[in-house]
Amino acid sequence: MKNLQSLMAAYLFVWGIFFAYHLTVARRLARLQDEVERLKAMLKQV
Amino acid sequence: MPRGMKTSWLATAAVAALIGLAGYSALFVAPTERTMGLIQRIFYFHVPSAWTGFVAFFLVFVSSIAYLLRRRPQWDWLAVSAAEVGVACFTVVLVTGPIWAKPVWGIWWTWDARLTSTFVLWVLYVSYLLLRTLMGDPERRATVSAVFGIFAFLDVPLVYLSIWFWRTQHPQPVIGGGGLDKRMWPVFLICWAALLALMALLVRQRYRLEALCHEVQELAIDVELHSAERATEIR
């Protein structure tokens, strides 16, 4: 089982990088969706 | 649940299942390579990440040309979405490469042609993304980015062919190079399919973000215009 730790580290990095990117985009999407709702509500009031 | 949301959840679940299958195949199904041993299994995500990154950068290239020809903002949205996902893929390549190199070559990094051109490719697309943040006018930003996106793609064939042009420590490529054991091919293809599916999902999600940004800008203008009209009526 030589280099098992390096292999695991590599796999963790692979999925960590993609998951972190997915989370960042999802958070930005949620924030913008809230902004759209807020602006639509403002437009109705005006 | 709305139909679009249901489709999106199904697509995410399918990609997650494919990633699970790819991970299992790479760790438990693929045969252990004779000289490198266990660490060679990094190959199943290192190489497909690079190939997926190339596909993403090709998308940037095509979308940039389409934007310059048609001037439709949707092409620019697709270009920036693919560029970000491509950068994520090459970050994976640049992180997993040294982890693989250390036990096999005895060093984390060497400035040979393949590694250097790959690093330059990553820097080029990070610069592409940074450049976009420096320009406020959407049309100017899209035009300059499209030109940059076309030129940055010139490094892609250079990265791939660097192995033939110069002496390098990096192994020969899978296609047209060293060759791969026939039992490794199916696992490699499953891993590449998983990463391509993930790329499609991430590009789609990032594209939605650009579309929403545009919608927010349009709505903000509408609110401002209506408020101004209302203020004039009251006077």
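Calculation criteria
Residues numbered from 1 in each chain as written. Chains lettered and ligands numbered in written order. Predicted model: local features only at pLDDT ≥ 70, side-chain atom pairs only at ≥ 80, totals over all residues. Helix = DSSP H or I, 4+ residues; strand = E, 2+ residues; numbered from the N terminus. Contact = placed C-beta atoms within 7 Å. Buried ≥ 20, exposed ≤ 12 C-beta atoms within 10 Å, placed from the backbone. Core = buried A, V, L, I, M, F, W, Y, C linked by C-beta atoms within 7 Å. Nonpolar A, V, L, I, M, F, W, Y, C, P; charged D, E, K, R; others polar. Expected span 1.5 Å × (residues − 1). pLDDT = per-residue confidence, 0-100. Axes fitted to C-alpha atoms, helices over the stretch in contact; angles between N-to-C directions. Parallel < 35°, antiparallel > 145°, perpendicular 65-115°, else oblique.

A. Seen up close, the overall build of chain B. From N to C terminus, chain B includes 7 helices and 0 strands. For chain B, the spread of C-alpha atoms along the principal axes amounts to about 85 × 45 × 30 Å. In chain B, 76% of the contacts between residues at least 6 apart in sequence involve partners at least 24 apart.

B. Layout of the overall build of chain A. Helix and strand counts for chain A stand at 1 helix and 0 strands. Expressed as lengths along the three principal axes of its C-alpha atoms, the size of chain A is roughly 70 × 10 × 5 Å. The buried share of chain A, taken over its 46 residues, is 13%.

C. Representation of the nonpolar core in the model. In this structure, B:Val60, B:Ala82 and B:Cys191 are the most contacted members of the largest nonpolar core, which totals 58 residues. Sorting the residues of this core by element identifies α1 (4–45) of chain A together with α1 (3–29), α2 (43–70), α3 (73–105), α4 (113–133), α5 (138–152) and α7 (185–234) of chain B as the ones contributing at least two each. For this core, the element with the highest residue contribution is α3(B), accounting for 15 residues. Not counting the four nearest positions on each side in its chain, B:Cys191 is found in contact with B:Ala22, B:Ala26, B:Tyr44, B:Phe45 and B:Pro48.

D. Representation of the interface of chain B and chain A within the structure. Taken together, the contact between chain B and chain A spans 31 residues of the former and 26 residues of the latter. Elements with a contribution of two residues or more to the side of chain B that touches chain A: α3 and α7 of chain B. The element that contributes the greatest number of residues to the side of chain B that touches chain A is α7(B), accounting for 17 residues. Looking at side-chain class alone, the side of chain B that touches chain A contains 19 nonpolar, 6 polar and 6 charged residues.

E. Quick look at α3(B). Its 33 residues give α3(B) an end-to-end C-alpha distance of 46 Å, which sits within 8% of 48 Å, the value for a rise of 1.5 Å per residue. Positive backbone phi, at 90 degrees, marks B:Gly106, one or two positions downstream of α3(B).

F. Local environment of unusual backbone geometry. Residues and elements named next belong to chain B. Non-glycine residue Arg 71 carries a positive phi angle of around 60 degrees. Assignment of secondary structure puts Arg 71 in the loop between α2 and α3. The class for Arg 71 is partly exposed, based on 13 C-beta atoms found within 10 Å.

G. Structural detail: the confidence of the model for chain B. When pLDDT is averaged along chain B, the result is 91, and 95% of the positions lie at 70 or above. Scored as a whole, the predicted complex attains pTM 0.90, and scored at its interfaces, ipTM 0.90.

H. Summary view of the environment of A:Ala26. Residues and elements named next belong to chain A. With respect to the secondary-structure elements, Ala 26 resides in helix α1. Its 12 C-beta neighbours within 10 Å are what place Ala 26 among the exposed residues. On a C-alpha basis, the gap between Ala 26 and Gln 5 in space is 31 Å, while along the polypeptide they are 21 residues apart.

I. Quick look at the packing of α1(A) against α3(B). At a closest axis distance of 10 Å, the pairing of α1(A) and α3(B) adopts a crossing angle of 170 degrees. Between α1(A) and α3(B), the crossing angle belongs to the class labelled roughly antiparallel. Along its contact with α1(A), which presents A:Ser6, A:Ala9, A:Ala10, A:Phe13, A:Val14, A:Ile17, A:Phe18 and A:Tyr21, the element α3(B) presents B:Ala88, B:Thr91, B:Val92, B:Val95, B:Thr96, B:Ile99, B:Trp100 and B:Pro103. Considered class by class, the residues forming the contact of α1(A) with α3(B) number 13 nonpolar, 3 polar and no charged.

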